[in-house]
Amino acid sequence: MSQDEHIKNYDAPAAGWGALKSVTKSWLGSENAFKNLRVMLKTNQNGGFDCPGCAWGESPESGMVKFCENGAKAVNWESTGRLVDPDFFARYSVTELARQSDYWLEYQGRLTHPMRYDAATDHYVETSWEDAFALIAKHLNSLESPDQAEFYTSGRASNEAAFLYQLFVRAYGTNNFPDCSNMCHEASGVGMSETLGVGKGTVVFDDLEHADAIFVIGQNPGTNHPRMLEPLREAVKRGAQVICLNPLKERGLERFQHPQHPFEMLSNGSEPTNTAYFRPALGGDMAVMRGIAKFLLQWEREAQAKGEPAVFDHAFIAEHTSGLDAYLAEVDATRWAHIVEQSGLNLAELELAARMYRRAERVIMCWAMGVTQHRHSVPTVQEIINLQLLRGNVGKPGAGLSPVRGHSNVQGDRTMGIDEQPPARLLDALEARFAFKAPRLHGHNAVLAIQAMEEQRAKVFIALGGNFAQATPDTPRTHDALRNCELTAHIATKLNRSHLVTGRDALILPCLGRTEIDVQAEGPQGITVEDTFSMVHISHGQLKPCSPLLRSEPSIVAGIAKATLGDRPIDWEWTVADYSRIRDLIADVIPGFADFNARLQHPGGFHLGNTAALREWHTQSGKAQFTPSVLPAQLVNEEVLARGDTPDLILQTLRSHDQYNTTLYGLDDRYRGVFGLRDVVFVNAQDIQRLGFKPNDKVDLVSLWEDGRERRVSGFVLVAYDIPPGQAAAYYPETNPLVPLESYGDRTFTPTSKFIAIKLEKASADNLIPSAHV
Ligand SMILES: Nc1nc2c(c(=O)[nH]1)N[C@H]1C(S)=C(S)[C@@H](COP(=O)(O)OP(=O)(O)OC[C@H]3O[C@@H](n4cnc5c(=O)[nH]c(N)nc54)[C@H](O)[C@@H]3O)O[C@H]1N2
Ligand SMILES: Nc1nc2c(c(=O)[nH]1)N[C@H]1C(S)=C(S)[C@@H](COP(=O)(O)OP(=O)(O)OC[C@H]3O[C@@H](n4cnc5c(=O)[nH]c(N)nc54)[C@H](O)[C@@H]3O)O[C@H]1N2
Ligand SMILES: [Mo]
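All values reported here derive from a predicted model rather than from experimental measurement.

## So, unusual backbone geometry
A cis geometry characterises the amide bond from Arg 568 onward to Pro 569, with omega recorded as -15°. Here the residue pair Tyr 732 and Pro 733 is connected by a cis peptide bond, since its omega of 10° sits within 30 degrees of zero. Tracing the backbone through its elements, the reader meets Pro 733 in the loop between strand 30 (727–731) and strand 31 (756–762). Backbone geometry at Asp 595 places phi at a positive 55°, although glycine is not the residue there. Positive phi outside glycine occurs at Asn 696, with the angle close to 75°. With respect to the helices and strands, the residue Asn 696 is situated in the loop between helix 32 (685–690) and strand 28 (698–703).

Written as structure tokens, this is what we have:
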């Protein structure tokens, strides 16, 4: 393709015909078309399986076929007819495989056999499950301390797998649970738990239908939560405000054509998904929220002076909150000039946003990675909460807080105890139910785990899913850290780069996917997941497994546990023979799961409950807490400025339309007009000129950090794009080499993936691992 064919304007609305075309392509491309059609129709149906895509939930009443373009891609990607078997590994050495792109690796198909790395030949060779488990047990049991092992989890793991995993790891003796959520919504959990007493969203699907205003902050639902577009456009239709805060004009937040409405498709109509669109600076959302609060405070004072109705919800504030005065003092102390400069919005825009906010009786605030992947993400989340508390927008119908989760069960995994800082009540409950002493020391999150492996304090790395080597920051360093290990072992469905960055010993343990039938000793099993609205429901795979050797995640965890611990603290084999036995244990230990098995019978599942939504505040003060955070003096931090360099641009790393995290379904990003290419960087035309380049030039991106290490990615095509001046955007995971391991959120350790200070240089070379070939 010539450059012109790679970069094009795309005018069509989100979803619609473009989505249908794309689904058909991924369906036919799966090499399993007839089988998969039946499966797609079972997605998110009662008796069917939970979509393995994102964590968006559904209205329990809606009877429609509930899958979207990207859900269909996730299903087809998992149920491909292509296989990665022992012959495949005999054909390619690990060194040869490592030269291939991430896209190529996963494209090869589903893993079929347990494989062990043979360093002598540099090939993976077939092994038996028993030998694989024994090898893991040997390594784990020979460590000086259980804290020398790291146990990663990616958010696709079911509740049953996650519960068994944390039980095994804690019985083994550590809380080292690096988790994908460390890189994701950690700030939402920290910010909300402290102020509201729950770390989860307070709204349910139904609330979206009753809101007068919905804010969508730092989130791109058109790609990452496509089923959210329908409630957004319905909200616009019934006259509610949908207010987007996003530096990029994301197509899904502009117009939506419903792929399941024949009339709209045939007439090629589409409906808007927003009523106002503000484009803040990267990291500017806290300043935006502070600006809205400052206007509200001004209007509140004016109303008081004139004896007009109040702007604040004083009854709510008096009964339910604490800390108002300190917070308002901080709002007063924050200067307008500071707010305007940091937010990237002018005063008129801030006032408009504030008017829209004030006019709405019921407001929902939704957010995702644009909020959580910054250094000051916790105060940003807490500023969103402050604002909502001022007008009583928590715990009433049609209002609340909605951190929209990523992976389909990332929220459930945390509920099940995948937590490197477990609350004492979880450990107490485990000790009360099982005969073992739970480790009390806090464990490692993702960043601490990498540091521990780098310094050889950790020697065994085990992953329940995911692609740790690519999803984490500072790629070359992280790869070296993994290579330091004595053992790396991955429970996975598809081959990815993490499997090729091996310790001295390495294992690939192939597991069933969500779409596949899971039969254990006592018969076919279902697994459960929790969506972003805290709805728990059961999921039954529909397809014959792609290989008879696959085992389920719970059964693999039980196999590792039995080999390592014997029958301590439970009879692992008996427990996994029937997953309702695991659910009985969950019911005994995890709050909210009493009668778990019985409640699953309810079509659509059950709601876990949310104390903040009931206006019960499990906080230190017993109230919902205002937080008087100081707006950061500047966003570019000292570690960047330390060497006297000033950045050319601030880079955010984001997802294309054809990817699921590190999984690339294809190389297009249709809504942003990029086709067949991923090594691109979106920059404003004026910035391109200012920096002495031309559109389509190839450049290197170099990030700035005080430690003097070179962090560079090479050969990226400069795309002139409608993006605010001073900003750049490029795809993850290709840009993870630029994120310094030490650049993480205060109190969250979440890598600052949406705020990386960079310089542009003339391209030194093409990217060493090209992303763009199969
Ligand atoms: N198809 C598909 N679905 C997915 C995923 C996927 O990769 N593919 N990933 C899943 C996962 S794990 C997650 S966490 C979610 C991620 O869902 P998103 O958070 O939507 O994912 P990103 O692509 O990182 O998009 C971040 C958005 O925030 C904007 N943004 C960046 N920085 C800022 C900022 O400072 N302020 C504001 N206001 N906006 C900003 C970007 O322009 C972009 O629109 O999606 C989940 N669903
Ligand atoms: N620069 C930058 N880095 C980021 C982000 C960013 O926005 N920018 N986003 C961060 C976020 S939000 C997240 S959540 C993380 C994601 O980090 P991870 O969750 O670690 O990564 P994924 O790409 O989702 O993992 C994909 C792999 O999971 C395996 N897999 C798929 N399905 C299953 C299954 O059912 N079971 C098992 N056992 N394995 C399965 C497959 O082998 C596949 O290759 O990345 C983070 N990293
Ligand atoms: Mo995520």
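## Re the sheet that holds strand 17 (residues 505–510)
A sheet is described by the order of its strands in space; here 6 strands give the open sequence 5-4-17-16-15-6, paired in mixed fashion. Each end of this open sheet is capped by a strand with a single partner; those strands are strand 5 (123–126) and strand 6 (149–153). Neighbouring strand axes in the sheet, compared pairwise and without regard to direction, differ in orientation by 20° on average. Taken together, the 5 bridges between strand 15 (residues 460–464) and strand 16 (residues 487–492) define a ladder with parallel strand orientation. Of the residues in strand 16, the one forming a bridge with Leu 464 is Ile 491. Taken strand by strand, helix 8 (residues 129–141) contacts strand 4 (115–118), strand 6, strand 15, strand 16 and strand 17, and its axis lies near 135° from that of strand 17.

## A short note on the site of ligand 2
Residues in close proximity to ligand 2 total 31 residues, the closest being Glu 106, Tyr 152, Ala 471, Glu 553 and Thr 662. Here an oxygen atom of ligand 2 sits 2.7 Å away from a polar atom, N or O, in the side chain of Ser 154. In this structure, Thr 653 approaches ligand 2 through a side-chain N or O atom, which is 2.9 Å from a nitrogen atom. The protein chains hide 96% of the 930 Å² of surface that ligand 2 would expose on its own.

Scoring rules and cut-offs
- Residues numbered from 1 in each chain as written.
- Chains lettered and ligands numbered in written order.
- Predicted model: local features only at pLDDT ≥ 70, side-chain atom pairs only at ≥ 80, totals over all residues.
- Heavy atoms only, no water.
- Helix = DSSP H or I, 4+ residues; strand = E, 2+ residues; numbered from the N terminus.
- Pairing = 2+ DSSP bridges.
- Axes fitted to C-alpha atoms, helices over the stretch in contact; angles between N-to-C directions.
- Contact = heavy atoms within 4.5 Å.
- Near = heavy atom within 4 Å.
- Polar contact = N/O pair within 3.5 Å; in protein donor to acceptor, adjacent residues only side chain to side chain.
- Areas by Shrake-Rupley, 256 points an atom, 1.4 Å probe, with all protein chains shown as cover.

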